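Fold and geometry: a report
Below are the chains, spelled out letter by letter.
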Amino acid sequence: MIQELHLPKPSPSVSLFIKRDDLLHPHISGNKFRKLKYNLVAAKAQNKTKLLTFGGAFSNHIVAVAAAGKEFGFETVGLIRGEELATQIEVNPSLKFARDCGMELEFISRENYRQKNDSALLLHWQKKYGDFYLLPEGGTNDLAIKGCEEILSATDQYDFICCAVGTGGTISGLINSAQPHQKIIGFPALKGDFLQEDIRNFTHNKNWELNTDYHFGGYGKITPELIRFMNDFNAQHQIPLDPIYTGKMVFGVLDLIQKKYFPKGSRILLIHTGGLQGIRGINAILKQKNQPQLDYYE
């Protein structure tokens, strides 16, 4: 589903649209639906009955894998960053949902989490959990990118495609499937320029750039300005955004429009990659800090 966003008057001379991939599935939403699609097919083809993956406290990926396991008949294991979270399941909506879907949760130290791709640790988890299909953190691998390449079907009328960037899988799929006249702009949720090389590992095309000006302080950082913007955007368009990824991307695109970054007459497509499930938990943290909250997904 693609919706046109009507810009405030006096309106800049561009047209803006948003692809609502957040509506693909109630729990396996947005880019997680795309990334899991062909991985689940491969897991079935390999006769795997268990999925094992990684994530943090409010991980969209953990929620999506847990929901997919329940819906498609896989056992699921989530290795969660932070041993202290083991006592917080009941007050963490994301982890509680995953557990209630049947996911087995193991809480590991941040040190072990950083070394999660170490062969010795993987062997340890194989001995503990048996034969499983391994999904990387965030879900990005070659099959995930194949799924993300399908986001741009029948969208060749747009000049610019904009998306949030986490692990680089979604933007790599967009880059691979874009038409020659289209430019892909990614808005990283993380500080730093290291994602450039990660993306180049998945694509050889040159029709893209990363704009690193709108991370609002880094991954998971949320400011009152961003919250006010997202509340206003939802009130105007009836489209909820998430504050970790898509909210920052939409803020950035609208700011660039005002700065006349896009040529006159440009048609711009935003990709809504979902992630709304984490809002309840993020609102709870903002409330504890006595900071403004998102006024949807109470």
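This write-up is about the structure you can find in this document. Everything quoted here is computed from the prediction, not taken from an experiment.

A separate point is the overall build of the protein. Along the protein, the regular secondary structure elements total 11 helices and 10 strands. For 298 residues, the compact-globule formula gives about 19 Å, and the C-alpha radius of gyration of the protein, at 19 Å, lands near that figure. The C-alpha extent of the protein, read off along each of the three principal axes, is 60 × 45 × 35 Å. Each of the 298 residues in the protein was classed as buried or not, and the buried ones make up 55%. Sequence separation of at least 24 residues holds for 71% of the intrachain contacts in the protein that already meet a minimum separation of 6. Accessible area of the protein: about 13800 Å², with a carbon and sulfur share of 50%. Here the protein contributes 34 positively and 31 negatively charged side chains, and the mean placements of these two sets differ by 1 Å.

Burial analysis of strand S10 (residues 267-272) places five of its six residues in the buried class, which makes it a mostly covered element. One ladder, built from six bridges, connects strand S2 (residues 15-20) with S10; its direction is parallel. What sits directly across from Ile18, in S10, is Leu270. Where strand S7 (residues 160-165) and S10 come together, three bridges link them in parallel fashion. What sits directly across from Cys162, in S10, is Leu270.

Since the α-helix advances by 3.6 residues per turn, residues separated by three or four positions end up pointing in the same direction. Turning to helix H11 (residues 279-288), its buried residues number three or more, namely Ile279, Gly281, Ile282, Asn283 and Leu286. Buried residues belonging to H11 abut helix H3 (93-100) and helix H9 (224-237). Of the residues trailing H11, Asn290 is marked for its positive phi of about 60 degrees.

All right, on to helix H7 (residues 169-177) then. Across the nine residues of H7, seven count as buried, placing the element largely inside the fold. Restricting attention to buried positions, one finds in H7 the residues Gly169, Thr170, Ile171, Ser172, Gly173, Leu174 and Ile175.

The next subject is the sheet that holds strand S8 (residues 183-188). The six strands lie next to each other as S1-S2-S10-S7-S8-S9, forming an open sheet whose pairing is mixed. Two strands lie at the open edges of the sheet, namely strand S1 (2-5) and strand S9 (208-210), each paired on one side alone. Direction aside, the axes of adjacent strands within the sheet are offset by 25 degrees on average.

Right, let's get into the layout of surface pockets. Estimates place the volume of the second largest pocket at around 320 Å³. Pro26, His27, Val63, Leu276 and Gln277 are the residues nearest the centre of the second largest pocket, which is lined by 18 residues in total. Taken together, the elements giving at least two residues each to the lining of the second largest pocket come down to helix H2 (60-72) and H3. Tallied by class, residues from the lining of the second largest pocket come to seven nonpolar, eight polar and three charged.

Analysis parameters
Residues numbered from 1 in each chain as written. Predicted model: local features only at pLDDT ≥ 70, side-chain atom pairs only at ≥ 80, totals over all residues. Heavy atoms only, no water. Helix = DSSP H or I, 4+ residues; strand = E, 2+ residues; numbered from the N terminus. Rg over C-alpha atoms; globule rule 2.2 N^0.38 Å. Buried < 20%, exposed > 50% of the residue type's maximum accessible area, 1.4 Å probe, protein only. Contact = heavy atoms within 4.5 Å. Areas by Shrake-Rupley, 256 points an atom, 1.4 Å probe, with all protein chains shown as cover. Lys, Arg positive; Asp, Glu negative; His and termini not counted. Charge placed at Lys NZ, Arg CZ, Asp CG, Glu CD. Pairing = 2+ DSSP bridges. Axes fitted to C-alpha atoms, helices over the stretch in contact; angles between N-to-C directions. 1 Å grid on protein atoms, 1.4 Å probe; cavity = no way out; pocket = protein on both sides within 12 Å on 5 of 7 lines; lining within 4 Å. Points joined across faces, edges and corners; volume = space filled by probe spheres on them. Nonpolar A, V, L, I, M, F, W, Y, C, P; charged D, E, K, R; others polar.

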